Every structure is written in C-alpha cells, then in structure tokens.
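Per-entry structural report
Now for the letters of each chain:
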Amino acid sequence: QVQLVESGGGLVQSGGSLRLSCAASGTIFRLRTMGWYRQAPGNQRDLVARITPGGSTNYADSVKGRFTISRDNGKNTVYLHMNSLKSEDTAVYYCAEEIGRGKTWGQGTQVTVSS
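This section reports on the structure supplied with the text. (Residues numbered from 1 in each chain as written. Predicted model: local features only at pLDDT ≥ 70, side-chain atom pairs only at ≥ 80, totals over all residues. Heavy atoms only, no water.)

1. Some details on the packing of aromatic side chains
Applying the stated rule across the entire model yields two aromatic pairs. For the ring pair tyrosine 37 and tryptophan 105, a centre distance of 5.1 Å and an interplane angle of 80 degrees mean the geometry is edge-to-face. Taken together, the positions of tyrosine 37 in strand S4 (residues 34-39) and tryptophan 105 in strand S10 (residues 102-105) put the pair 68 residues apart, joining distant regions of the chain. Taking 6.2 Å as the distance between ring centres and 80 degrees as the angle between the ring planes, the aromatic pair formed by tyrosine 94 and tryptophan 105 counts as edge-to-face. (Phe/Tyr/Trp six-rings, centres within 6.5 Å; stacked < 30°, edge-to-face > 60°. Helix = DSSP H or I, 4+ residues; strand = E, 2+ residues; numbered from the N terminus.)

Here's what the structure looks like:
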C-alpha cells in the first residue's frame, strides 16, 4: 500500500519559482527510483525528472538548467525545485515510484504559471 502525497503546487508568475514535495509511505523509499511527471490538458504524461537510489538524475530537455530533483531518505521525501518558470510549465505534476515496468502514482498537484 504505497502512498505518495504531493504538495507545493499553486499559481505563480512567469519567472518565479516553486518547490514541490512528495512524501512517501508504505515503501522502502531509499531503494526506490523516484520521478516527477507532468500532464497538460490534451497531452500525454511526460517525464520531468528522475532520481535513482544512488542519486543519479536525468531531466527532460525542456527543464534542464531550471529544475532540480533531490531526495531526503531520512524524511522519505523527494523534491522538485522549479526556477525560471514559464507558461508552458503549466500542468498537473505527479510524483511516481517506479516498480518494475510500471509506476505507482500520487494524486498530482496543479502548477499554473501566469503570463
């Protein structure tokens, strides 16, 4: 019974910053690869950033240099620091735990970037 709870979404002006948090329970967090995905209306759900148990990261080209994923194993929490936000970053952001070929998803949190 893995549970992922996102927080930190909201409305922000273009050029601003937000920090998303995802608190995990019911899993051996330190052994899991965690990711952030996003989905805008009419679009597929795309990878934003991923972090492995060893701390290796990868990012979508559209967010490289602006977003940073990190984790705190003591708090069972993964973060997404988002800087220099653009209107095209507007989406529902989902936290995910990778399990084999599949994923366990959080409920999602809305990020809206105004012009």
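2. Concerning the pattern of salt bridges
Across all of its chains, the model carries five salt bridges by this definition. Linking aspartate 61 and lysine 64 is a salt bridge whose minimum nitrogen-to-oxygen distance equals 3.1 Å. (Salt bridge = Lys/Arg side-chain N within 4 Å of Asp/Glu carboxyl O.)

3. Some points on the sheet that holds strand S7 (residues 67-72)
What the four strands build is an open sheet, ordered S1-S3-S8-S7; its pairing is antiparallel. With one partner strand each, in any of the chains shown, strand S1 (3-7) and S7 form the two edges of the open sheet. Averaged over all pairs of adjacent strands, the angle between strand axes in this sheet comes to 15 degrees, irrespective of strand direction. The sheet contact formed by S1 and strand S3 (residues 18-25) spans five bridges and is antiparallel. Considered in S3, the bridge of glutamine 3 is made with serine 25. (Pairing = 2+ DSSP bridges. Axes fitted to C-alpha atoms, helices over the stretch in contact; angles between N-to-C directions.)

4. Brief notes about the pairing of strand S11 (residues 109-114)
Here S11 shows a clear split, with Thr109, Val111 and Val113 buried on one side and none of Gln110, Thr112 and Ser114 buried on the other. Note: strand S2 (residues 10-13) against S11, four bridges, orientation parallel. In the sheet register, glycine 10 faces S11, and the bridge partner there is valine 111. Two strands pair when backbone bridges link them, and strand S9 (residues 91-99) and S11 are joined in this way by three bridges, in the antiparallel orientation. Looking at S11, one finds that valine 92 is bridged to glutamine 110. (Buried < 20%, exposed > 50% of the residue type's maximum accessible area, 1.4 Å probe, protein only.)

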